[in-house]
Amino acid sequence: MITAERKPLEELIEFIRPYKRILLLGCNECVTVCAAGGRKEVGLLASGLQMALLKSGSNIEIRQHTLERQCDPEYVEELVPMLDGAEAIMSMACGCGVQQLAGRFRDKPVFPAVNTKFMGASERQGVWAERCQGCGNCLLGVTGGICPIARCAKQLMNGPCGGSTGGHCEISDDVDCVWQLIWDRLKALGQTERYLDIMPAKDWRPAGGSGPRKIIREDLAE
Amino acid sequence: MKTESRLEKILAAGHLAVTSECGPPRGALPDKVREKAKYLKGVVDAINVTDNQTAMVRMSSLAASTIIKQEGLNPLFQVTSRDRNRLAIQADIIGAYALGIDTMLCLSGDHTKFGDHPMAMNVHDIDSIQMIQMVRDMRDKGIFQGGAELKGAPKMFIGAAANPFADPFELRVMRLAKKIAAGADFIQTQCIFNVEKFERWMDGVRAKGLHKKCYILAGVTPCKSLGAARYMAKKVPGMDVPQAIVDRMASVPKEKQAEEGVAICVETIERLKQVEGVAGFHIMAIEWEEIVKEICEKAGLLPRPQV
């Protein structure tokens, strides 16, 4: 999923200070799963903002809503009747959702309420970690199902650097050395000889090196 | 011979090679480079010139290598993949060779986290092994990494680093094999304090015949003080400084510690000379270049052979 973390309240207050009526919009997809911008977080943030603004003597009307998917134009269309009177929108979706709104409602300011972080997975309750960088040409089939692009601090494709210690990355004891993980996995699979294959210099074009990426499925596109 | 590199000539002639290093200054101070290089004149066969070592901005490795070359010494041009993409690296290699630099070391580089610009983007377009491949193809096939033909191929003697002390240990011989397969002509190892562990690594290296496929220069570092020994033992990722070394440094009064550090370094070199497959030494006297001559003298590595 795409993970996100809520921005500090102070930053959000500055966004909305000029307005009297805003729409605060959650998303029921990834940001709900990582507890950053779902229905529950929309409610909490709305009261947080209102209280903070009341303290400084201003009053704001915050309408709350959560869309099934903010990155999907079909759902975004639902907002049309709700936007009457709203001077601005604050989105709790990832950057994709924010941009979808900005593209659809050209006369309304749209503000992000979260910082979109990375594509990750849940390690345990309340902990998410980066797993994929969307490089566009998946290597997992030759690296034991563990990604050195997303999980090595130096994106090394041919083995661990000289800083791997006791299974940890040199940048922090909290970060696993991904090449230790890959090596352990290759051992478990009986594929250690695979390590000797040199992975050639990567073509970064599918990773975004050739500009913004797009997928066009002729069979589906209208 | 693949190149005109003096280091290659020394090694090919079967002499124990000696290299040392010089960290460029953090400012436009060319005399500082000359001063450091002066201590190494006639003492070593090539001088490693670090590339923004520990991710701190310094005079470029290319510029400092050129100054050293102008002084009549042999720079060993270090290049990391941290700060530059493949276009910039290839451009620098061609530029270096055009300026008479014929020996280089391919590295991934310390992470920016450790330096003075932790907010900077790490490039890592290619890794050190891919860099070795790229330089070899530039030299032997006369092509750029992108495949186009290159006129005036840079005849670089290609070095790589190896750290026998990092984990997983059992992978470290294979990692060396991979660097050699990519095209490494010589290897400089991480500083060796744990000689026993290095010997175990070399057993694995010899078992695969890798010492016959490339020259292995054993890295050593003199501890200048007890503090330096403790720092390397605790703070430097991938360094293995046994407690016995720290204790030995602690056993002498402060004013004798530098002397003790040199004695340990010389003893280490003597012990490493007995290890089959060690083709020379890389003496890393960090910010202590003036001591290298004394170490070489005491270790019987002077005078340097003429080739």
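The rules we used
Residues numbered from 1 in each chain as written. Chains lettered and ligands numbered in written order. Predicted model: local features only at pLDDT ≥ 70, side-chain atom pairs only at ≥ 80, totals over all residues. Helix = DSSP H or I, 4+ residues; strand = E, 2+ residues; numbered from the N terminus. Rg over C-alpha atoms; globule rule 2.2 N^0.38 Å. Buried ≥ 20, exposed ≤ 12 C-beta atoms within 10 Å, placed from the backbone. Contact = placed C-beta atoms within 7 Å. Expected span 1.5 Å × (residues − 1). Arc of directions from axis to C-beta. Nonpolar A, V, L, I, M, F, W, Y, C, P; charged D, E, K, R; others polar. Pairing = 2+ DSSP bridges. Axes fitted to C-alpha atoms, helices over the stretch in contact; angles between N-to-C directions. Domains from an automatic or database assignment. Parallel < 35°, antiparallel > 145°, perpendicular 65-115°, else oblique. Left-handed = near helix turned anticlockwise from the far one by under 90°.

## Side note on the overall build of chain B
No. 1: Scanning chain B from N- to C-terminus turns up 11 helices and 8 strands.
No. 2: In terms of C-alpha radius of gyration, chain B reaches 18 Å, essentially the compact-globule figure of 19 Å for 307 residues.
No. 3: Looking at chain B as a whole, 53% of its 307 residues qualify as buried.
No. 4: Restricting the contact set of chain B to residue pairs at least 6 apart, pairs at least 24 apart contribute 80%.

## Observations regarding the environment of Ala 46 of chain B
Residues and elements named next belong to chain B.
No. 1: Within the secondary structure layout, Ala 46 lies in strand β2 (residues 46–49).
No. 2: Considering only alpha carbons, one finds Ala 46 and Arg 6, 40 residues apart in sequence, at a separation of 7.6 Å.
No. 3: In contact with Ala 46, not counting residues within four places along its chain, are Arg 6, Leu 7, Thr 19, Asn 74, Leu 76 and Thr 103.

## Quick notes on helix α3 (residues 39–55) of chain A
Residues spaced three or four apart along an α-helix point in a common direction, a consequence of the helix completing one turn every 3.6 residues.
All names here are of chain A.
No. 1: With 17 residues, α3 extends 25 Å between its outermost C-alpha atoms, agreeing within 8% with the 24 Å of an ideal straight helix rising 1.5 Å per residue.
No. 2: Among all positions in α3, only Glu 41, Val 42, Leu 45 and Leu 49 are buried. All buried residues of α3 fall inside an arc of 100° around its axis, so they share one side. For α3, the exposed residues set more than 90 degrees away from the buried face come down to Lys 40, Leu 44, Ser 47, Met 51, Leu 54 and Lys 55.
No. 3: On its buried face, α3 is in contact with β1 (2–6), α1 (9–16), β2 (21–27) and β3 (61–67).
No. 4: Just past α3, the residue Gly 57 takes up positive phi, approximately 85°.

## With respect to the interface of chain A and chain B
No. 1: Contact with chain A, which involves 25 residues of that partner, is made by 29 residues of chain B.
No. 2: A class-by-class count of the residues in the side of chain A that touches chain B yields 13 nonpolar, 10 polar and 2 charged.

## Describing the sheet that holds β2 of chain A
Residues and elements named next belong to chain A.
No. 1: The 4 strands are arranged β3-β2-β4-β5 in an open sheet whose pairing can be described as parallel. In this open sheet, the two strands that pair with only one neighbour each are β3 and β5 (110–112). Taking the axes of each pair of neighbouring strands and ignoring which way they run, one obtains an average angle of 25° across the sheet.
No. 2: Sheet contacts for α1: β2, β4 (88–91) and β5; angle to β4, the most-contacted strand, approximately 160°.
No. 3: With respect to the sheet, α3 is in contact with β2 and β3, its orientation differing from that of β3 by roughly 170°.

## Let's talk about the domain arrangement of chain A
No. 1: Each assigned domain of chain A is listed with its residue range as follows: domain 1 (2–117) and domain 2 (133–207).
No. 2: The gap between the C-alpha centroids of domain 1 of chain A and domain 2 of chain A is 38 Å.

## Quick word on unusual backbone geometry
No. 1: Residue Pro 168 of chain B is reached from Asp 167 of chain B by a cis peptide bond, and omega for that bond is -15°.
No. 2: On the secondary structure map, Pro 168 of chain B appears in the loop between β5 (157–162) and α6 (172–182).
No. 3: In this chain, Leu 302 of chain B is followed by Pro 303 of chain B through a cis amide linkage whose omega measures -5°.
No. 4: Look at Gln 155 of chain A: it is not a glycine, yet its phi comes out positive at around 50°.
No. 5: On the secondary structure map, Gln 155 of chain A appears in the loop between α6 (148–151) and β8 (168–169).
No. 6: With a phi close to 45°, Asn 52 of chain B is a non-glycine residue in the positive phi region.

## Details of the sheet that holds strand β6 (residues 186–191) of chain B
All names here are of chain B.
No. 1: In spatial order, the strands read β1-β2-β3-β4-β5-β6-β7-β8; together these 8 strands close into a barrel with parallel pairing. For this sheet the average axis-to-axis angle between neighbouring strands, irrespective of direction, equals 30°.
No. 2: Sheet topology note: the β2/strand β3 (residues 75–80) ladder contains 3 bridges and is parallel. Of the residues in β3, the one forming a bridge with Ile 47 is Pro 75.
No. 3: Sitting on the sheet, helix α10 (residues 257–273) touches β7 (215–220) and β8 (278–283), and the angle it makes with β7 is about 155°.

## Observations regarding the environment of Gln 133 of chain B
No. 1: When you line up the elements, Gln 133 of chain B lands in helix α5 (residues 128–141).
No. 2: Apart from residues no more than four positions distant in its own chain, Gln 133 of chain B is found in contact with Ile 198 of chain A together with Ala 182 and Gly 183 of chain B.

## Considering the pairing of strand β7 (residues 127–132) of chain A
No. 1: Pairing of strand β6 (residues 114–124) of chain A with β7 of chain A involves 5 bridges; the strand directions are antiparallel. Its bridge partner being in β7 of chain A, Met 119 of chain A is matched across the sheet by Cys 132 of chain A.

## A look at the packing of helix α9 (residues 243–250) of chain B against α10 of chain B
All names here are of chain B.
No. 1: At their nearest, the axes of α9 and α10 sit 9 Å apart, and the two run at 145° to each other. Counting all contacts with α9, which are made through Ile 245, Arg 248 and Met 249, the residues of α10 involved are Gln 257, Glu 260, Gly 261 and Ile 264.
No. 2: For the contact of α9 with α10, the per-class residue count stands at 3 nonpolar, 2 polar and 2 charged.

## Overview of the packing of helix α2 (residues 30–38) of chain B against helix α3 (residues 61–70) of chain B
Residues and elements named next belong to chain B.
No. 1: Orientation of α2 relative to α3, taken along the N-to-C sense of each, is 55°, at an axis distance of 9 Å. Between α2 and α3, the angle falls in the class oblique. Crossing hand, α2 versus α3: right-handed. Of α3, the residues touching α2 (which contributes Pro 30, Val 33, Arg 34 and Ala 37) are Ala 64, Ile 67 and Ile 68.
No. 2: Grouping the amino acids of the contact of α2 with α3 by side-chain chemistry returns 6 nonpolar, no polar and 1 charged.

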